[in-house]
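One-letter residues, chain by chain:
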Amino acid sequence: MNKDNQILEELTSSEYKYGFETLIENDSAPKGINEDIIRFISAKKNEPDWLLDWRLKAYRHWITLKEPKWPNVKYPEIDFQDIIYYSAPKPKKELKSLDEVDPELLETFKKLGISLEEQKRLTGVAVDAVIDSVSVKTTFKETLAELGIIFCSFSEAVHEHPELVKKYLGSVVPMTDNFYAALNSAVFSDGSFCYIPKGVRCPMELSTYFRINAAGTGQFERTLIVADEESYVSYLEGCTAPQRDENQLHAAVVEIYAETKAEVKYSTVQNWYPGDKEGKGGVYNFVTKRGLCKGYKSKISWTQVETGSAVTWKYPSCILKGDHSTGEFYSVAVTNNYQQADTGTKMIHIGKNTNSTIISKGISAGKSQNSYRGLVKVLKRAENARNFSQCDSLLMGDKCGAHTFPYIEIDNSTAKVEHEATTSKIGEDQIFYCNQRGIDTENAVALIVNGYAKEVLNKLPMEFAVEAQKLLALTLEGSVG
Amino acid sequence: MLKIKDLCAEIEGQQILKGINLEVHAGEVHAIMGPNGSGKSTLASVLAGREDYDVTAGEVEFLGKDIMDLAPEDRAREGIFLAFQYPVEIPGVSSNNFLRTAVNQIREYKGEEPLDAVHFLKLMREKMALVEIDQKLINRSLNDGFSGGEKKRNEIFQMAVLQPKLAILDETDSGLDIDAMRIVANGVNKLKSKDNATIVVTHYQRLLDYIVPDFVHVLYDGQIVKSGDKNLALELEEKGYDWIKAELSNPIS
């Protein structure tokens with residue numbers, strides 16, 4: 001431990017005068033991070049010893065690491081001792097009707113086409129007992145249980161299915177993987193766990209269930225999806241509705257594990273608070289997402305629509321270990337005002353005849369900076385690996401930036417790797433053409449942007465794609481003309 | 001329908017239109033001809049409301065309304081359609097989606113209910129047959145990778161769907177072979193009625209063999225210097241624009 005950390009340690013433990021036993025009665029941990037805080041979190045969640053040990057190991061590794069500085073983003077230094085790492089979810093103040101909700105927020109919901117029921121849920125309005133989601137939830141749960149599908153909170157999984165969690169936790173993203181993954185491993189609060197047994201095709205988008213089930217995502221979320229042999233699941237995380245959160249730092253981890261001939265389709269729409277028009281506030285979203293195509297002919301597909309956060313830093317990746325396995329990455333990342341995004345993917349070809357596809361569409365507006373960073377790596381024994389990458393950037397206005405950092409490392413001469421990149425601007429010509437047909441500028445931008453991002457939006461589950469389209473338009477509202 | 005009075009416009013400080021006067025009534029076809037750089041396309045753009053041009057003087061009245069303060073989209077919604085000389089490509093956007101947005105925004109402006117999918121498709125099919133355009137073209141991204149001829153045909157198709165009061169065809173014949181020109185002209189003729197009007201902006205007479213104008217105006221150096229019937233176009237074809245230039249410099253003849 002270096003000197004700084006020692007000092008920090010002393011400082012925090014001196015504040016920490018009530019001791020561990022008293023603390024457990026509280027709902028929140030004090031600010032800062034140390035081993036006692038981790039013990040507190042683990043005890044709060046009533047975790048088995050092996051998980052506490054795992055967290056502690058992660059913490060001990062984390063304190064040896066330095067915050068990564070290589071992403072093409074700038075933000076003020078984060079004081080990791082100024083963060084509260086655990087606070088019990090506070091029940092939101094319940095409102096009687098939507099009339100009590102901020103009209104601006106309702107307007108946004110309307111533009112996104114979010115149903116009234118869902119609007120109520122998102123804003124914490126009491127839901128009509130008849131259509132209470134509990135009953136819907138039970139139906140889903142029953143259907144899933146009949147098939148042997150496990151889908152529950154991470155904490156629940158730790159208690160109900162410890163053997164599975166123990167086997168797969170950290171198997172794709174090791175606790176030592178990187179600075180934020182190590183931090184997450186030490187302090188993760190909760191998240192989701194999903195297991196699809198052998199030969200089972202999950203009959204529904206887990207989105208539907210998830211969206212009803214979502215209790216508000218945490219600051220250090222952890223998701224683990226395991227698809228056993230010949231199973232299939234389409235999983236959706238996130239929400240198009242704007243999410244405001246008082247936690248500035250979000251460091252989630254998502255692990256996907258695909259056994260032989262299993263297929264996992266993971267879609268996400270991220271719309272965290274991006275800060276105001278001057279760039280004040282906003283969420284830092286530093287996420288580690290990785291999938292392991294462990295088995296023969298397994299397949300993992302990432303689709304992401306990133307519109308929120310002040311700073312986004314993430315690379316959903318695929319490790320193509322199984323022969324004939326496939327990895328896909330489809331991404332739309334929009335930045336406006338002072339937002340910054342450094343996002344992309346890594347495709348690591350290890351098995352023979354592995355195949356990967358990368359389609360990345362960046363859209364920059366305002367004074368934002370949007371970077372694509374991608375790695376295609378073909379290892380020595382990965383015979384006949386194939387990759388196709390397409391990285392497009394669309395610029396709106398002349399104060400924003402688009403950057404592309406493609407890395408290609410090939411150790412096998414049989415590999416075929418293609419990379420295409422384009423940069424274009426929304427032209428005044430295009431806008432005027434739309435105007436001349438009676439389409440106002442706002443709708444023109446929506447049309448043009450959605451046309452540009454179509455290849456990616458088409459990969460989203462149907463009902464979500466429609467919302468995502470509206471979200472793109474909304475994010476870019478007022479950025480042209 | 002359209003009254004242009006002493007219209008002057010400039011771009012980047014350079015005066016292009018120097019007092020245009022023109023009156024177009026419903027049911028009429030006007031041709032505006034003139035040598036390159038005389039201001040033909042500028043006139044079309046200014047009428048459509050393109051912001052690159054500054055209107056420095058004059059008035060334009062459309063259906064009794066002063067339109068110079070209207071945004072381009074509102075002029076379109078009032079019934080002005082510009083068939084572009086260079087139609088713009090919008091990748092990833094189908095004609096279907098584009099036109100449906102346009103039709104419904106125009107309807108909204110007029111206080112009408114939006115067209116539902118069924119009625120919209122019916123309208124599309126009807127107009128596709130009318131202007132003889134292939135479904136395949138409609139299914140593709142708007143103008144993306146279209147040939148010159150395909151783009152122009154698509155302009156006429158859009159005109160058929162949007163049913164404007166006044167259509168301005170800006171050099172619609174440029175880049176077309178004779179067959180494509182005939183198809184485009186056929187489309188325009190079929191859309192002609194006693195309630196709408198057409199302004200054909202062209203450099204060459206040949207399009208006017210197919211779209212027969214009631215009036216021909218010669219635009220030269222930002223002004224309409226001569227007007228006549230369709231025979232004026234033939235005369236121009238025969239004698240070239242130098243004849244007009246000569247006539248202007250020698251006012252006695």
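Parameters and conventions
Residues numbered from 1 in each chain as written. Chains lettered and ligands numbered in written order. Predicted model: local features only at pLDDT ≥ 70, side-chain atom pairs only at ≥ 80, totals over all residues. Helix = DSSP H or I, 4+ residues; strand = E, 2+ residues; numbered from the N terminus. Rg over C-alpha atoms; globule rule 2.2 N^0.38 Å. Buried ≥ 20, exposed ≤ 12 C-beta atoms within 10 Å, placed from the backbone. Contact = placed C-beta atoms within 7 Å. Expected span 1.5 Å × (residues − 1). Nonpolar A, V, L, I, M, F, W, Y, C, P; charged D, E, K, R; others polar. Pairing = 2+ DSSP bridges. Axes fitted to C-alpha atoms, helices over the stretch in contact; angles between N-to-C directions. Core = buried A, V, L, I, M, F, W, Y, C linked by C-beta atoms within 7 Å. pLDDT = per-residue confidence, 0-100. Parallel < 35°, antiparallel > 145°, perpendicular 65-115°, else oblique. Left-handed = near helix turned anticlockwise from the far one by under 90°.

*Asks:* Looking at this structure, how should I read the overall build of chain B?
*Replies:* A count of helices and strands for chain B gives nine helices and 12 strands. In summary, chain B has a C-alpha radius of gyration of 18 Å against a globular reference of 18 Å for 253 residues, a match within 12%. Taken over the C-alpha atoms alone, chain B extends approximately 65 × 40 × 35 Å along its principal axes. A burial count over chain B gives 42% of its 253 residues as buried. Here the analysis covers contacts within chain B between residues at least 6 apart in sequence; of these, 69% occur between residues at least 24 apart.

*Asks:* Any chance you could explain the overall build of chain A here in plain terms?
*Replies:* Summing up its helical and strand segments, chain A has 15 helices and 18 strands in all. A buried classification covers 47% of the 481 residues belonging to chain A. A separation of at least 24 residues holds for 83% of the contacts in chain A among residues at least 6 apart in sequence.

*Asks:* I would appreciate a short explanation of helix H6 (residues 148–162) of chain B in the present structure.
*Replies:* An α-helix turns once per 3.6 residues; consequently, residues spaced three or four apart project the same way. Residues and elements named next belong to chain B. With 15 residues, H6 ought to run about 21 Å at 1.5 Å a step, and its terminal C-alpha atoms sit 21 Å apart, in line with that. Against the buried residues of H6 lie strand S6 (80–83), helix H3 (95–109), helix H4 (117–130), helix H5 (135–139), strand S9 (166–170) and helix H7 (178–191). Gln163 sits one or two residues past H6 and shows a positive phi near 45 degrees.

*Asks:* What exactly am I supposed to notice about unusual backbone geometry here?
*Replies:* A negative phi angle characterises most non-glycine residues, just as the trans form characterises most peptide bonds. In this structure, Asn46 of chain A takes a positive phi of about 55 degrees despite not being glycine. Here Asn46 of chain A is to be found in the loop between helix H3 (35–44) and helix H4 (49–62). For Asn46 of chain A, a count of 9 C-beta atoms within 10 Å gives the class exposed. The backbone of Asp221 of chain B sits at a positive phi, close to 50 degrees, despite the residue not being glycine. By the element assignment, Asp221 of chain B lies in the loop between strand S11 (215–220) and strand S12 (223–228). For Asp221 of chain B, a count of 16 C-beta atoms within 10 Å puts it in the partly exposed group.

*Asks:* In this structure, what is going on with the interface of chain A and chain B? I would like to understand it.
*Replies:* Many descriptions give the size of an interface as the accessible area lost when the pieces come together. Across the contact, 16 residues belong to chain A and 22 residues belong to chain B. Secondary-structure elements contributing two or more residues to the side of chain A that touches chain B are helix H12 (428–436) and helix H13 (441–452) of chain A. Within the side of chain A that touches chain B, the residues separate by chemical class into six nonpolar, six polar and four charged.

*Asks:* Honestly, the sheet that holds strand S10 (residues 197–202) of chain B in this entry has me stumped. Any pointers?
*Replies:* The strands making up a sheet are joined through hydrogen bonds of the backbone, oriented either antiparallel or parallel. Residue and element names in this part refer to chain B. Strand order across the open sheet formed by six strands is S6-S9-S10-S3-S11-S12, with mixed pairing between neighbours. Strands with a single pairing partner mark the edges of an open sheet, and in this sheet they are S6 and S12. Neighbour to neighbour, the strand axes of the sheet diverge by 20 degrees on average, direction disregarded. Of the strands in this sheet, strand S3 (29–33), S11 and S12 touch helix H8 (residues 230–239), which is tilted by about 45 degrees from S11.

*Asks:* Mind showing me how you'd approach helix H1 (residues 40–48) of chain B here?
*Replies:* H1 of chain B sits mainly inside the fold: nine of its nine residues count as buried. Gly49 of chain B, located one to two residues past H1 of chain B, shows a positive phi value of around 95 degrees.

*Asks:* Explanation requested: the environment of His61 of chain A in the structure shown.
*Replies:* Residue and element names in this part refer to chain A. Position of His61 relative to the elements: it lies in helix H4. Using a count of 19 C-beta atoms within 10 Å as the deciding quantity, one classes His61 as partly exposed. In this view, His61 contacts Met175, Thr176 and Ala182; residues no more than four positions away in its chain are not counted.

*Asks:* What is the right way to look at the environment of Gly175 of chain B in this model?
*Replies:* All names here are of chain B. As for its position among the elements, Gly175 is in the loop between S9 and H7. Its 15 C-beta neighbours within 10 Å are what place Gly175 among the partly exposed residues. Between the alpha carbons of Gly175 and Gly148 there is a distance of 6.1 Å; along the sequence they are 27 residues apart.

*Asks:* Help me understand the pairing of strand S12 (residues 326–335) of chain A in this model?
*Replies:* Residue and element names in this part refer to chain A. Of all 10 residues in S12, 10 are buried, a share of seventy percent or more. Side chains Thr326, Glu328, Tyr330, Val332 and Val334 of S12 all project onto a buried face; the interleaved residues Gly327, Phe329, Ser331, Ala333 and Thr335 project onto the opposite face, where all are buried too. With eight bridges joining them, strand S9 (residues 299–306) and S12 adopt parallel strand pairing. Within the sheet, the bridge partner assigned to Glu306 lies in S12 and is Ala333. Sheet analysis places S12 next to strand S14 (residues 355–364), joined by 10 bridges and oriented parallel. Bridge pairing links Val334 to Ile363 in S14.

*Asks:* Just to check I follow, could you spell out the sheet that holds S9 of chain A for this structure?
*Replies:* Residues and elements named next belong to chain A. Strand order in this open sheet of seven strands is S4-S7-S9-S12-S14-S16-S18, and the pairing throughout is parallel. Both outer strands of the open sheet, strand S4 (232–238) and strand S18 (416–425), are each paired with one neighbouring strand and no more. On average, each strand axis in the sheet is inclined to that of its neighbour by 5 degrees, with strand direction left out of account.

*Asks:* Help me out: how do you make sense of the nonpolar core in this one?
*Replies:* With 180 residues, the main nonpolar core has Cys194, Ile256 and Val264 of chain A together with Phe81 and Ile168 of chain B as its most contacted residues. If you tally residues by element for this core, the top one is H13 of chain A, at seven residues.

*Asks:* What exactly am I supposed to notice about the confidence of the model for chain A here?
*Replies:* In low-pLDDT regions, the fine details of the predicted coordinates are not to be read closely. Residues and elements named next belong to chain A. Mean pLDDT over chain A stands at 82; residues scoring 70 or higher make up 80%. When pLDDT is averaged over each helix and strand of chain A, the minimum, 34, is found for helix H2 (residues 19–23) and the maximum, 97, for strand S11 (residues 317–320). Contacts of residues 126–136 to residues separated by more than four positions or lying in other chains number 11 contacts, the stretch itself having pLDDT below 50. Ignoring residues within four places in sequence, the model shows residues 208–217, a span with pLDDT below 50, making 12 contacts including any to other chains.

*Asks:* Is there a simple way to explain the environment of Glu477 of chain A in this structure?
*Replies:* Considering the arrangement of structural elements, one finds Glu477 of chain A in the segment after helix H15 (462–475). Residues Glu477 of chain A and Ser42 of chain A lie 435 residues apart in sequence; the distance between their C-alpha atoms is 44 Å.

*Asks:* What exactly am I supposed to notice about the packing of H3 of chain A against H4 of chain A here?
*Replies:* Angle between the axes and distance between the axes are the two parameters that describe a pair of packed helices. Residues and elements named next belong to chain A. Direction vectors running N to C along H3 and H4 enclose 150 degrees, while the axes themselves pass 10 Å from each other. Classified by the interaxial angle, the pair formed by H3 and H4 is roughly antiparallel. Here H3 runs over H4; the crossing is right-handed. Judged by residue contacts, Glu35, Ile38, Arg39 and Ser42 of H3 engage Leu51, Leu52, Arg55, Leu56 and Tyr59 from H4. Broken down by class, the residue content of the contact of H3 with H4 amounts to five nonpolar, one polar and three charged.

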